[in-house]
Amino acid sequence: MAPTIARTVCAEQCERSNRRITHRLSFEPTGGRHRSRLAVAMAVNFQVAPVRTMIRARRDQRETARVELRDIEIFLTLAKELHFGRTAERLRISQARVSQSIKQQERRIGGALFERTSRSVRLTPLGERLRDRLDAGYGEIMAGIDEAAAAARGQVGTLTIGTMASGHHRIAGVLDLFRQRHPQCELRMREILPTDPFGGLRAGRVDVAMVWLPVREPDLAVGPVLHTEQLTLAVASDHPLAGREQVEMEALGDHPVVYPDGPIPEYVWEAHTPSATPAGRPIRREIAVATLEEAFTAIASGSVVSPIGVDAAATRRRGDITFVPLTDGPILRYALVWRRTDETLLVRAFVQAATDARQTA
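Presented here is a report on the structure given in the accompanying data block. (Residues numbered from 1 in each chain as written. Predicted model: local features only at pLDDT ≥ 70, side-chain atom pairs only at ≥ 80, totals over all residues. Heavy atoms only, no water.)

**Re the sheet that holds strand E10 (residues 306-309)**
Note: strands within a sheet are paired through backbone hydrogen bonds, in either parallel or antiparallel orientation. Spatial ordering of the open sheet is given by E10-E7-E11, a layout of 3 strands whose pairing is antiparallel. Each having just a single partner strand, E10 and strand E11 (321-325) make up the two edges of the open sheet. Put simply, the sheet's adjacent strands are angled 45° from each other on average, direction ignored. Bridging between strand E7 (residues 231-236) and E10 involves 4 bridges; their strand directions are antiparallel. Its bridge partner lying in E10, alanine 234 is registered against serine 306. Strand contacts of helix H10 (residues 292-300): E7, E10 and E11, with the helix running at about 50° to E7, the strand carrying the most contacts. (Pairing = 2+ DSSP bridges. Helix = DSSP H or I, 4+ residues; strand = E, 2+ residues; numbered from the N terminus. Axes fitted to C-alpha atoms, helices over the stretch in contact; angles between N-to-C directions. Contact = heavy atoms within 4.5 Å.)

Put into structure tokens, the structure is as follows:
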């Protein structure tokens, strides 16, 4: 009974207050300054109060939705690793910090971002949408920070370029232009094995690589095509094909070839040595090789043949191997490739130099 009586008393007091205000407004002179000010003040207050409440609510909502950059990094890393332990190890934080961050983000958003079981972690549909929206934005933010940092230190540092065999001679103009524009940056060259074109990039040993296309790797960005290269057929000097002036790809249906002993994707090697002739006959793969020198050793034995880029063939002339022109062989198209998550200012500058050098060539 006590709460009911208290509410009744409060209601009666409010009603008496309203009657006193109404009485004062009704009986004071019409032109009285006191009445006009009171009336205006009450009218304004009655109209502004809801607006103030709405603004305060929106401000509180913005505060609730605010997310730190570190939390975004934790979310994106977990969305990729799908493992709390590996995420913590990669970011060098505790697993409890990862769990706390994800829970806070889910409370802010109002929905689950991950489905967790004792055996697996996977994104919910809401988490997938958030990952897709945040990924590009986070990359732009980090690229902007890298760009500002590089500008502050005068664009100094080291940029490592990877090419296959003697491919660096093909981009001499790009290297010269980049050095002119960024004299404080040191360029280093490293060789890339054709059997492992992306390993150096992913391990961080190479910043930008020049490899043949196609490249369909989600974590790698592809830049402009810098040059093309024809293939020639490498055979032993006493091989039946060695005496020919030229060879067609159809001939590979009768002679086994080498194949890569490395992590090169099948679709990339298919662009170099197809698995079938133009007529559809299978091309038999006989000996696995990890390097170009291993390929030449196997070819010199006479048991296999192999298409070889004309640039590589020109730098490896030897008496036990003959190079026969391939009339209808694939044309290799070389382009720049780099890690999407490490697109620094220097990487962008090198890609721009390559684009400009290509346009003026």
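**Here's the deal with the pattern of salt bridges**
The final tally for this structure, using the stated rule, is 23 salt bridges. One salt bridge in this structure joins glutamate 250 and arginine 281, with 3.0 Å as the shortest N-O distance. A residue pair is termed long-range when its members are at least 10 positions apart, and glutamate 250 in the loop between E7 and strand E8 (257-260) and arginine 281 in the loop between helix H9 (266-272) and strand E9 (285-289) qualify at 31 residues. Judged by its relative accessible area of 32%, arginine 281 falls in the partly exposed class. For aspartate 342, the salt bridge is made with arginine 339, and the minimal N-O distance between the two is 2.7 Å. By relative accessible area, which is 33% here, aspartate 342 ends up partly exposed. Linked by salt bridges that have partners in common, Glu81, Arg86 and Arg90 make up one network. (Salt bridge = Lys/Arg side-chain N within 4 Å of Asp/Glu carboxyl O. Buried < 20%, exposed > 50% of the residue type's maximum accessible area, 1.4 Å probe, protein only.)

**Notes on the environment of leucine 252**
Mapping leucine 252 onto the fold places it in the loop between E7 and E8. Of the residues examined, leucine 252 reaches a relative accessible area of 0% and is grouped as buried. As a C-alpha pair, leucine 252 and valine 304 span 52 residues in sequence and 10.0 Å in three-dimensional space. Once residues lying within four places of it in the same chain are set aside, the contact partners of leucine 252 are Leu233, Val257, Thr277, Ile283, Val305 and Pro307.

**Details of the environment of arginine 205**
Structurally, arginine 205 is set in the loop between helix H8 (199-202) and strand E5 (208-212). Taking the C-alpha atoms as reference, arginine 205 lies 7.4 Å from threonine 160; in sequence the two are 45 residues apart. Leave out the neighbours within four places in its chain, and arginine 205 touches Thr160, Arg190, Gly199 and Gly200.

**Topic: the sheet that holds strand E3 (residues 157-164)**
Overall, mixed pairing links the 5 strands, which are arranged E4-E3-E5-E12-E6 in an open sheet. Since the sheet does not close on itself, it has two edges, and those belong to strand E4 (185-192) and strand E6 (220-229), each with one partner. Going from strand to strand, the sheet's axes swing by 25° on average, the running direction of each strand aside. Of the pairings in the sheet, the one linking E6 to strand E12 (residues 332-339) comprises 7 bridges and is antiparallel in character. Bridging from a neighbouring strand, threonine 228 pairs with arginine 333 of E12. Across the face of the sheet, helix H7 (residues 172-181) comes into contact with E3 and E4 while running at roughly 155° to E4. Running over the sheet, helix H12 (residues 345-360) touches E3, E4, E5, E6 and E12 and is turned about 30° from E6.

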